[in-house]
Amino acid sequence: MSNEKTGLSKFWSEFTENKIALISLLIFLFIVFVAIFAPIISPTDPYDLSKVSIMDSRLPPLSENFAGQTFVLGSDGAGRDMLSAIFYGLRVSLGVGVMSGIFALIIGTFFGISAAFFGGKYETFIMRVVDIQLSFPSILMALIILAAFGKGVEKTIIALVLVQWAYYARTARATALVERSKEYVEAAHCLALGNKKIMFKHILPNCMPPLIVVGTLQTAHAISLEATLSFLGLGLPITEPSLGLLIGNGFEYMHTGDFWISIFPGVALLITIVSINLVGDHLRDMFNPRLKR
Amino acid sequence: MDNILKIENLKTHFFTKNGILKAVDDISFNIKRGEIVGLVGESGSGKSITGFSIMGLIDAPGKIVSGNILFNNHPLLNYTPDQMRNLRGNKLAMIFQDPMMTLNPVLRIDTQMIETIKAHDKTISVRNAFEIARDTLGLVGISSPEERMKAYPHQFSGGMRQRVSIAIAMLNKPDLIIADEPTTALDVTIQGQVIYEMQELCKKTGTALLWITHDLAVVAGIASRICVMYAGRIVEQGSVKEIINNPMHPYTIGLIKSVPSQNKRGEPLHQIEGMVPSMLNLPDGCAFHDRCNQATNNCKNSRPLETNFSKTRVIRCFNFER
Amino acid sequence: MTAFLLKRSTQSLLVLFIMSLLVFSGVNLVGDPVEMLINPEADQEDVERVIRELGLDRPITEQYWFFLVNAFKGDLGTSFVFGEPALKLIIQRMPATLELAFFSLFISIIFALPLGIYAGLKPESKISKLIMAGSILGFSMPTFWVGIIFIMIFAVHLGWLPSTGRGEIGTFMGIHSSLFTLDGLSHIFLPALNLALFKLSSIVRLTRAGTREIIHQDYIKFARAKGLSENRVINTHLLKNILIPIVTVVGLEFGSLIAFSTVTETIFAWPGMGKLIIDSIYNLDRPVIVAYLMIIVFFFVFLNLIVDILYTILDPRVRIQGSK
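Below you will find a few notes about this structure. (Residues numbered from 1 in each chain as written. Chains lettered and ligands numbered in written order. Predicted model: local features only at pLDDT ≥ 70, side-chain atom pairs only at ≥ 80, totals over all residues.)

When its secondary structure is counted, chain C shows 13 helices and 2 strands. A total of 324 residues make up chain C; the buried ones form 38% of that total. Of the contacts made within chain C by residues no fewer than 6 positions apart, 68% connect residues no fewer than 24 positions apart. (Helix = DSSP H or I, 4+ residues; strand = E, 2+ residues; numbered from the N terminus. Buried ≥ 20, exposed ≤ 12 C-beta atoms within 10 Å, placed from the backbone. Contact = placed C-beta atoms within 7 Å.)

Here it is in structure tokens:
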């Protein structure tokens with residue numbers, strides 16, 4: 001019958017069964033590409049003040065500016081090319097979102113696995129903190145932190161990390177608990193392997209699948225949250241214009257009909273978040289034992 | 001006496017991603033009014049599916065592919081879903097295996113009983129339905145039924161819950177109850193009680209009973225006739241005495257020999273060698289041939305048809321012991 | 001039941017106490033309390049006077065005690081911007097926010113439950129796939145973006161509905177709410193829908209998952225074996241079981257509705273608590289921020305308690321254990 005594929009290729013073929021998830025992954029990879037190479041592939045540098053002119057402001061899509069360049073998606077209130085602004089914006093949004101996600105993953109996983117492993121008062125304390133934090137909506141936490149510490153790039157990232165770590169911690173602990181009671185851990189104990197070794201080499205790899213699922217969904221959430229905060233003017237400063245900021249800037253022009261200043265960055269944001277969510281969703285279904293018939 | 005249930009050449013197949021699972025593959029048997037018949041087979045033999053097929057509770061990807069089911073001379077396979085619904089819980093009832101899972105944990109016992117009555121009698125008052133339910137609970141041996149009815153399923157013990165299921169089955173005075181492993185999940189001591197009570201109940205009310213089980217010993221005590229099922233086919237049928245004292249099909253012989261009490265002390269337990277074939281991949285010929293010590297080439301290639309050995313005995317084998 | 005209530009109430013009070021400790025230390029130890037609570041425009045003499053009045057020159061434990069006492073008396077500081085007690089400002093705006101949140105909750109449940117159950121019962125149908133696709137979209141789209149789109153389409157382009165403000169207030173059975181006037185409804189509709197979208201999507205997904213699990217349970221098969229009508233099976237047997245996890249999630253997430261109303265209120269200029277807190281963060285109106293935090297914490301603890309109580313009412317297995 002069918003030959004046994006290796007773990008990774010089996011995973012890949014199962015993943016690609018769902019065409020939508022596959023397309024979403026490709027779209028997301030494209031977005032990452034754009035984000036990384038934004039300075040190179042952008043038609044203009046929207047933040048080069050010498051090239052930006054107020055005379056070009058609020059031009060509708062596909063119009064030309066004085067220098068003869070076509071603004072494919074129009075220009076914003078300061079005369080910047082929307083397409084370029086969106087490319088740079090993607091860079092910031094994605095960068096902040098992914099970086100905060102990775103930090104949160106590391107911190108959360110550390111606390112989660114160690115809590116499951118050591119148990120006792122340590123575990124109870126950590127999980128209480130996690131529970132209380134999870135019962136507060138993320139936006140509230142972010143607002144509190146930013147209100148207390150002020151705005152800025154590092155503070156926003158810190159806020160995002162603080163908001164997310166608890167999800168990772170809870171998931172990591174839950175899987176670690178299941179793994180801990182499995183026989184191979186007992187066997188490792190019997191071999192007198194050090195605690196750290198057991199945790200990292202044995203328990204951690206098995207916790208990865210659900211953590212990856214949480215990771216994708218949380219990253220999408222972090223990007224959305226950052227956009228919301230920047231839109232409200234509370235997140236990143238204007239020197240690091242994320243998509244949220246662009247949308248916020250464009251909001252005032254909505255009522256006069258210059259919709260493109262807000263809508264296009266919004267669409268870019270939407271595509272980013274939706275593609276990540278679709279991938280994460282499919283991953284979650286793949287790893288869910290209860291759905292296997 | 002006429003037959004309350006007549007099954008002819010029933011086939012129920014499941015159309016799965018991995019192939020066609022022939023859970024029930026051409027079975028025929030009858031149940032007379034008031035008779036208790038045992039349907040015996042190991043896990044995966046298709047006996048539960050037989051029960052569900054009669055009730056019309058086969059879900060996708062399963063389908064009754066061919067055959068006839070006559071209940072009180074009505075052809076059930078021609079019934080509309082509404083007609084089947086009218087029949088279920090009414091004249092045709094079923095008891096499931098695990099009473100903890102069959103009663104809805106968030107609804108009270110009286111709710112679950114009264115709704116069964118009201119589903120088949122729209123005009124009855126709640127009070128009357130309550131009284132019928134209460135009396136039926138008393139019938140199955142539950143003391144202080146009036147108070148117990150207000151309880152929730154998890155407040156009952158396993159044996160009590162099964163009694164409640166039996167009571168629910170009896171509420172609308174059914175002609176036939178299909179009991180799918182009703183005592184398997186119970187303690188051995190309770191098992192005996194419940195078996196005895198069901199037997200008495202059926203005698204008293206004239207209700208026919210199809211007792212589905214893997215445990216030959218259980219059914220030998222209660223049934224008057226036994227059908228032995230293997231890999232979706234009935235390999236032997238007959239009266240209890242005949243089957244137990246004079247089994248003819250090699251599988252039946254093996255089954256009876258396997259019952260531990262049949263052994264002398266110190267003797268190794270008897271086993272039927274080999275394993276049940278996968279239902280997705282049934283052999284062409286007799287399903288039992290690769291485990292049978294009487295098997296011939298014929299058995300491998302063609303399916304034995306049913307032979308009426310006597311008025312009461314039916315057997316599906318080329319080489320059965322006479 | 002009463003023993004259970006008592007236990008939960010004491011737990012809640014404990015959490016409240018701890019949170020007040022956290023907020024207090026946050027304000028006083030992290031930032032400069034003088035800066036936080038005193039108007040930056042005040043001159044040195046005023047600053048010293050206020051320091052003495054507020055007891056900021058006393059030891060920290062005494063300060064905390066004052067904080068608690070004042071909190072009990074209902075004094076949580078005075079706003080820099082408005083010059084009025086912070087608590088009063090928040091309470092004034094609370095009805096608008098609660099109105100928005102409740103209406104959103106109502107909308108999401110009314111639509112999400114049937115959609116979710118349908119998608120769970122017939123997972124392969126085209127409509128179900130559409131519903132699921134819609135739900136992914138629903139919780140992916142950031143609330144503020146949806147708000148903008150709504151305004152763009154319904155207010156600017158089509159001109160059907162107003163895009164800002166709260167409508168006229170009507171009275172019904174002694175309750176004042178803008179839900180009771182047509183003008184009020186037209187104003188609340190877009191923001192409520194905006195707020196509801198996220199919740200709706202997650203409830204649909206939750207309901208669908210729950211339905212798919214429950215529909216294969218033995219007790220559903222048994223209910224059908226009893227000859228019950230399909231309506232009864234779904235609306236009683238399925239529904240009562242599915243409500244348990246949903247109520248828990250919805251209840252706890254009601255708090256997030258209140259939190260996200262900050263965004264919706266800002267976009268639609270809805271005069272609620274949310275808009276107040278955002279404006280206060282802009283204006284560094286710290287007393288209001290502190291007061292808002294305390295109220296939100298109190299609200300959350302209270303909400304958790306309610307959800308626990310509801311849970312015991314819905315699931316008899318918990319109820320009967322709890323009273324032992």
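Right, let's get into the environment of Ile267(C). Residue and element names in this part refer to chain C. Note on placement: Ile 267 falls in helix H10 (residues 230–268). Under the C-beta neighbour-count criterion, Ile 267 is labelled buried, with 24 such atoms within 10 Å. Sequence separation between Ile 267 and Trp 145 is 122 residues; the distance between their C-alpha atoms is 9.6 Å. Each residue touching Ile 267, except ones within four places of it in the same chain, is listed here: Phe 144, Gly 147 and Ile 148.

This brings us to the interface of chain A and chain C. The extent of an interface is frequently quoted as the accessible surface area lost upon association of the parts. Facing the 32 residues of chain A at the interface are 31 residues of chain C. The set of elements that each furnish at least two residues to the side of chain A that touches chain C consists of helix H6 (138–149), helix H9 (195–231), helix H10 (243–251) and helix H11 (260–287) of chain A. Ranked by residue count, the leading element in the side of chain A that touches chain C is H11(A), at 9 residues. For the side of chain A that touches chain C, the class distribution of residues is 22 nonpolar, 9 polar and 1 charged. (Nonpolar A, V, L, I, M, F, W, Y, C, P; charged D, E, K, R; others polar.)

Residue and element names in this part refer to chain B. Pairing within the open sheet is mixed, and its 8 strands lie in the order S6-S7-S8-S3-S9-S10-S12-S11. Only two strands of the sheet have a single partner each, and these edge strands are strand S6 (92–95) and strand S11 (307–308). Helix H1 (residues 47–55) rests against strand S3 (36–40), S6, strand S7 (176–180), strand S8 (208–213) and strand S9 (225–230) of the sheet, and its axis sits at about 145° to S7. Contacts between helix H7 (residues 158–170) and the sheet are confined to S6 and S7, with S6 contributing the most and set at about 175° to the helix. (Pairing = 2+ DSSP bridges. Axes fitted to C-alpha atoms, helices over the stretch in contact; angles between N-to-C directions.)

This part covers the nonpolar core. One finds Met82(A), Ala142(A), Tyr168(A) and Tyr292(C) to be the most contacted residues of the largest nonpolar core, which totals 134 residues. Ranked by residue count, the leading element in this core is helix H4 (residues 82–118) of chain A, at 17 residues. In this structure, Tyr292(C) is in contact with Ile90(C), Met273(C) and Ile277(C), ignoring residues within four places of it in sequence. Counting residues in hydrophobic clusters, the runner-up holds 87 residues, among them Leu10(B), Leu171(B), Val228(B) and Leu255(B). (Core = buried A, V, L, I, M, F, W, Y, C linked by C-beta atoms within 7 Å.)

Further remarks concern the pairing of strand S1 (residues 3–16) of chain B. Residue and element names in this part refer to chain B. Two elements, S1 and strand S2 (residues 19–32), share 10 bridges in a ladder whose sense is antiparallel. Within S2, the position partnered with Thr 12 by the bridge is Val 24. Hairpin remark: S1 followed by S2, antiparallel, with 2 residues in the connecting loop. Strand direction decides the pairing type here: S1 and strand S4 (residues 62–71), joined by 8 bridges, are antiparallel. In the sheet register, Leu 5 faces S4, and the bridge partner there is Phe 71.

Moving on: the packing of helix H2 (residues 19–36) of chain A against H11(A). Residue and element names in this part refer to chain A. The contact between H2 and H11 brings their axes to 8 Å, and the two run at 135°. Judged on the interaxial angle alone, H11 and H2 are oblique. Along this stretch, H2 crosses H11, giving a crossing that reads as left-handed. Residue-level contacts link Ile 20, Ala 21, Ser 24, Leu 25, Ile 27, Phe 28 and Ile 31 of H2 to Ile 271, Thr 272, Ser 275, Ile 276, Leu 278, Val 279 and His 282 of H11. (Parallel < 35°, antiparallel > 145°, perpendicular 65-115°, else oblique. Left-handed = near helix turned anticlockwise from the far one by under 90°.)

With that settled, consider unusual backbone geometry. All names here are of chain B. A positive phi angle, near 80°, is found at Asp 26, a position not held by glycine. Structurally, the position occupied by Asp 26 is in strand S2. Of note, Asn 72 is a non-glycine position whose phi angle comes to about 55°, a positive value. Topologically, Asn 72 is positioned in the loop between S4 and strand S5 (74–75).

Our focus in this paragraph is the environment of Pro61(A). All names here are of chain A. Take Pro 61: it is sitting in the loop between helix H3 (38–41) and strand S1 (63–64). Of the residues examined, Pro 61 has 15 C-beta atoms within 10 Å and is grouped as partly exposed. Each C-alpha atom of the pair Pro 61 and Ile 247 lies 16 Å from the other, and the pair is 186 residues apart in sequence. Leave out the neighbours within four places in its chain, and Pro 61 touches Val 72, Leu 73, Gly 74 and Trp 260.

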